[in-house]
Amino acid sequence: MLAGLDDLRGPLEELYQQIHQHPELSHQERETSTEVARQLRSFGYDVRDGIGGTGVVGILSHGDGPTVLMRADMDALPIREDTGLPYASTRTVTGVDGGEVPVMHACGHDVHVACLLGAASLLAGGRDHWSGRVITLFQPAEEVGDGARRMIDDDLGRVVGDVDVALAQHVLPYPAGHVGTRYGAVLSAAESLRITVYGRGGHGSMPQTTVDPVVLAAMIVIRLQAIVSREIAPTEPAVLTVGSITSGSKSNIIPDHAVLQLNIRTYSDRTRTLVLDAVHRIVTAECQASGSPREPDFETFDHFPATTNDPAATGRVRAAFDEHFGADRTFDLPLQTASEDFSDIPRALKIPYTYWGLGGIDPEVHRTAEESGRLDRDIPANHSPQFAPVVQPTLDTGTEALVVAALAWLGPSNVG
Ligand code: ZN
Ligand code: ZN
């Protein structure tokens, strides 16, 4: 079936560059989803679009067998592209606050879209080699963490029916041509908290008449550092960052409140609960210690679930990858500190899932950087204005990976 890739390669590369040149922000993926739906229909898929905004689902059935759902995200980021590529984006759009913002596929979701369309085409062309149901799902707004949930809330479960497994991949700064799998925890859960603490304002010359929220916020920032270092086991990864702190307007006025913004990343529900409980306990107690006149306010935003790969599904994909790509093109994906909302879908459908990494960096460039210990400095990673996956072998490998993984459920192992 993968022999069809030779004919598909040219059009797929062209499509990839076209999507790269026309990136769209989260929830605005109209051109991308229109093109996706058009292509899926041309391959013979039963297509439902406009799910949760711009989400698209294409379904292809062939005989009896399991149902495999494969997901790609479609959105780009408000970043000005600085790759120098001939197909670089020069696009700007109106952002959420009304101003002009540049847009760039800086996370490689264009790679995901092209590869999933490639796989959809190959599976349609080679349907005599498999039996069951293929569901291709193109999701909006991964970058803001609510695209998957919006599709679920728009009755995704009814659209897709019973599904046996969900699969997804992400292009990452590893050597192109390689795929990395991982059992268990793979991406962190992430959430942001906005905490408002209250003081009593007054003149900077008369602190005795006030409750100073600047001092209070400073105490909180320091005290929060002890959660990960003192309350979480050293073997359990967790990150707590106070990324923003705002209070006051003038040197001689003691303000009446302060706002702290926190970002928290964890890999298990247990650790997540421990960290969040500790944040609440410390902030509340510090407010009391300062004589704060009002309880603090806590507001959660940008919530991402943890991504924890199912062992059985991962084992099946890994065996298929080992057989197809060979040991020298597969690797153990390290634990990632980034986050994803993909797992919201299988969690809502109550099905197992696995998520793998797809290399996107020229292998030679990667090797040179690795040998000189300069990977972090020399290889622009996702969300960098210089993030530029090489077109090949990235697209071929991502397309093959999806087909090979789907056939691990749907087909006899005759991927030729
Ligand atoms: Zn991203
Ligand atoms: Zn991404």
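Position numbers for residues count from 1 along each chain, tracking the sequence in the order it is written. Labels are handed out in written order, letters beginning with A for the chains and numbers beginning with 1 for the ligands. Side-chain atom pairs in this predicted model are given and counted only at pLDDT of 80 or more, local residue features only at pLDDT of at least 70, and totals for whole chains, interfaces and linings cover all residues. Only hydrogens and water are removed before side-chain values are computed, so all heavy atoms of the structure are retained for them.

1. Quick notes on the coordination of the zinc ion (ligand 1)
Metal donors were taken as nitrogen, oxygen and sulfur atoms no farther than 2.8 Å from the ion, or 3.2 Å where the ion is Na, K or Ca. Water is excluded, so coordination may look unfinished. Binding of the zinc ion (ligand 1) to the protein goes through C107 (SG), E143 (OE), E143 (OE) and H383 (NE2), at separations of 2.0 to 2.6 Å. Site shape is set this way: if four donors have all angles between 85 and 135 degrees, tetrahedral; if opposite donors are over 155 degrees apart and all others between 65 and 115, square planar for four donors and octahedral for six; otherwise irregular. Angles of 53 to 150° at the metal separate the 4 donor atoms of the zinc ion (ligand 1), which places the site in the irregular class. Taken in chain order, the donor set of the zinc ion (ligand 1) reads C-x35-E-x239-H. The distance between the zinc ion (ligand 1) and the zinc ion (ligand 2) comes to 3.1 Å, with C107 serving as a donor to both metals. Here H383 lies in the loop between helix 11 (375–378) and helix 12 (394–410) and C107 lies in the loop between strand 5 (100–102) and helix 3 (109–125), a separation of 276 residues in the sequence. Between buried and exposed lies partly exposed: a residue is buried under 20% and exposed over 50% of the maximum accessible area for its type, with that area taken using a 1.4 Å probe on protein chains only. Owing to a relative accessible area of 7%, C107 belongs among the buried residues under this scheme. Secondary structure elements follow DSSP: runs of H or I of four or more residues count as helices, runs of E of two or more count as strands, with numbering from the N terminus.

2. So, the coordination of the zinc ion (ligand 2)
Only C107 (SG), H109 (NE2) and H170 (NE2) from the protein coordinate the zinc ion (ligand 2), and they sit 2.1 to 2.4 Å from it. Each donor residue of the zinc ion (ligand 2) belongs to the same chain, and together they define the spacing C-x1-H-x60-H. Exposure remark for H109: the relative accessible area of 0% places this residue in the buried category.

3. Section: the domain arrangement of the protein chain
Residue ranges labeled as domains rest on an automatic or database domain assignment. The domain boundaries assigned to the protein chain delineate domain 1 (2–187 + 306–407) and domain 2 (189–304). Between the C-alpha centres of domain 1 and domain 2 the distance comes to 37 Å. Contacts are residue-level and defined by heavy atoms, with any inter-residue pair within 4.5 Å sufficient. Counting residues at the interface gives 15 residues for domain 1 and 8 residues for domain 2. Both faces combined, the contact of domain 1 with domain 2 buries some 880 Å², and carbon together with sulfur accounts for 57% of it. The three residues of domain 1 that bury the most area against domain 2 are A306, T337 and S339, which together make up 45% of that side's buried surface. Salt bridge, as applied in this entry: a Lys or Arg side-chain nitrogen positioned within 4 Å of an Asp or Glu carboxyl oxygen. If you look at where domain 1 meets domain 2, you find 0 salt bridges. Pairing of N or O atoms within 3.5 Å defines a polar contact, subject to two protein rules: one partner must be a possible hydrogen donor and the other a possible acceptor, and residues neighboring in sequence count only if both atoms are side-chain atoms. At the boundary of domain 1 with domain 2, the tally comes to 4 residue pairs in polar contact (both at pLDDT 80 or more). The term buried area means the drop in 1.4 Å probe accessible area that two parts suffer when joined, counted for both and summed.

4. Things to note about the packing of helix 1 (residues 5–21) against helix 12
Whenever a helix is involved, its axis is fitted only over the stretch in contact; in every case the axis is a line through C-alpha atoms, and angles between N-to-C directions fall within 0 to 180 degrees. Running from N to C, helix 1 and helix 12 point in directions that differ by 115°, and their axes come no closer than 10 Å. As helix 1 runs across helix 12, the sense of the crossing is right-handed. When helix 1 is examined against helix 12, the residues L5, R9, L12, E13 and Y16 are found in contact with a partner set consisting of L395, D396, T399 and E400. For any helix crossing, the convention is left-handed if the near helix is rotated counterclockwise from the far helix by under a right angle, and right-handed if that rotation is clockwise.

5. Notes on the sheet that holds strand 7 (residues 165–175)
When DSSP finds two or more bridges between two strands, those strands count as paired. Spatially, the 8 strands line up as an open sheet ordered 1-2-6-3-7-18-8-17, and their pairing is mixed. Bordering the open sheet on either side are strand 1 (46–51) and strand 17 (330–332), each of which pairs with just one other strand. Sheet twist, expressed as the average angle between the axes of neighbouring strands with direction ignored, equals 25°. One ladder, built from 3 bridges, connects strand 8 (residues 179–181) with strand 17; its direction is parallel. Within the sheet, the bridge partner assigned to V179 lies in strand 17 and is T330.

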